[in-house]
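Survey of secondary and tertiary structure
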Amino acid sequence: MSKKYARFLPTNDSFNLEDFPYYWISQVHAQYIQNIDNVLKKYGLDNSRRRILLALQVKPHASVSDLSDMVISKMSTTTKIVYRLKDEGFIETYSCQDDGRITRVNLTDKGEKMVVKINDLTSVILEQSFDGLTPLQLEKTMEILKHIFKNLAR
């Protein structure tokens, strides 16, 4: 590691946890998930199921594998969530016509209505999250986070 990042690393003698970038990334993420889970609770949902429902809104008829990639989750975990959502009536599954080994997933009418509710609830949290920031600051933050993600995904 080059010296230019030394002060941000736990190995530095004068390290302060609040100088560690991933401390803040994990803190923001954990607080966001806690807030999301609190508002979803009244609908009997949690963040894991929310993520799958929103992924299906973006990519209807996705395969379970596609969903797993989209939400960055293990295939076995995604499969469990998909079948739980199916049991709850939010999604339907079917075998792909081209390849019967592939399970495709789609929102039901109930699932589409839930996505609208989820988006309404999360918009309040997003407004709260970005209070005091300009749209330009938010765009720059997203640009930086995308860059970090690409670095980590190499």
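Structure: above.
Described below are features of the structure shown in this document. This structure is a prediction, so every number in the text was calculated from the model and none was measured.

Cut-offs applied
Residues numbered from 1 in each chain as written. Predicted model: local features only at pLDDT ≥ 70, side-chain atom pairs only at ≥ 80, totals over all residues. Heavy atoms only, no water. Helix = DSSP H or I, 4+ residues; strand = E, 2+ residues; numbered from the N terminus. Rg over C-alpha atoms; globule rule 2.2 N^0.38 Å. Buried < 20%, exposed > 50% of the residue type's maximum accessible area, 1.4 Å probe, protein only. Axes fitted to C-alpha atoms, helices over the stretch in contact; angles between N-to-C directions. Parallel < 35°, antiparallel > 145°, perpendicular 65-115°, else oblique. Left-handed = near helix turned anticlockwise from the far one by under 90°. Contact = heavy atoms within 4.5 Å. Nonpolar A, V, L, I, M, F, W, Y, C, P; charged D, E, K, R; others polar. Pairing = 2+ DSSP bridges. Phe/Tyr/Trp six-rings, centres within 6.5 Å; stacked < 30°, edge-to-face > 60°. Lys NZ or Arg CZ within 6 Å of the ring centre and 35° of its normal. Core = buried A, V, L, I, M, F, W, Y, C linked by side-chain atoms within 4.5 Å.

1. A few points about the overall build of the chain
- When you go through the chain residue by residue, the secondary structure sums to six helices and three strands.
- Reading the secondary structure of the chain in the N-to-C direction produces α-α-β-α-α-β-β-α-α.
- Its C-alpha atoms give the chain a radius of gyration of 19 Å, clearly above 15 Å, the size a compact globule of 154 residues would have.
- Along the three orthogonal principal directions, the C-alpha set of the chain runs to about 55 × 35 × 25 Å.
- For the chain, buried positions account for 25% of its 154 residues.

2. Re the packing of helix H2 (residues 47-58) against helix H3 (residues 64-71)
- Between H2 and H3, the shortest axis-to-axis distance is 10 Å and the interhelical angle comes to 110°. Viewed along their axes, H2 and H3 adopt a mutual orientation that is roughly perpendicular. The handedness of the crossing between H2 and H3 comes out as right-handed. On H3, the residues that touch Arg-51, Ile-52, Ala-55, Leu-56 and Val-58 of H2 are Leu-67, Met-70 and Val-71.
- Looking at side-chain class alone, the contact of H2 with H3 contains seven nonpolar, no polar and one charged residues.

3. Digging into the sheet that holds strand S1 (residues 62-63)
- With antiparallel pairing, the three strands of this open sheet are ordered in space as S1-S3-S2. For this open sheet the edge positions go to S1 and strand S2 (91-95), each flanked by a neighbour on one side alone.
- By the bridge criterion, two bridges tie S1 to strand S3 (residues 103-107) in an arrangement that is antiparallel. When the bridges of S3 are listed, Ala-62 appears paired with Val-105.

4. What about the packing of aromatic side chains?
- Going through the model one piece at a time under the given rule, you end up with three aromatic pairs.
- Ring centres of Phe-15 and Phe-20 lie 6.0 Å apart, and the angle between their planes is 75°; on these two criteria the pair is classed as edge-to-face.
- For Phe-20, a relative accessible area of 23% corresponds to the partly exposed category.
- An aromatic cluster is present here, built from Phe-15, Phe-20 and Tyr-22 joined pairwise through their rings.
- Positioned above the aromatic ring of Phe-90, the side-chain terminus of Lys-110 is 4.8 Å from the ring centre.

5. Remarks on the nonpolar core
- If you look at the biggest cluster of nonpolar residues, it comprises 24 residues, and the most contacted ones within it are Ile-52, Leu-53, Leu-56, Leu-67 and Ile-91.
- Put simply, the parts of the chain that give this core at least two residues each are helix H1 (21-40), H2, H3, helix H4 (75-87), S3 and helix H5 (109-129).
- Apart from the residues within four sequence positions on either side, Leu-56 is in contact with Ala-62, Leu-67, Ile-91, Val-105, Asn-106 and Leu-107.

These results come straight from atomic positions and should not be treated as a statement about function.
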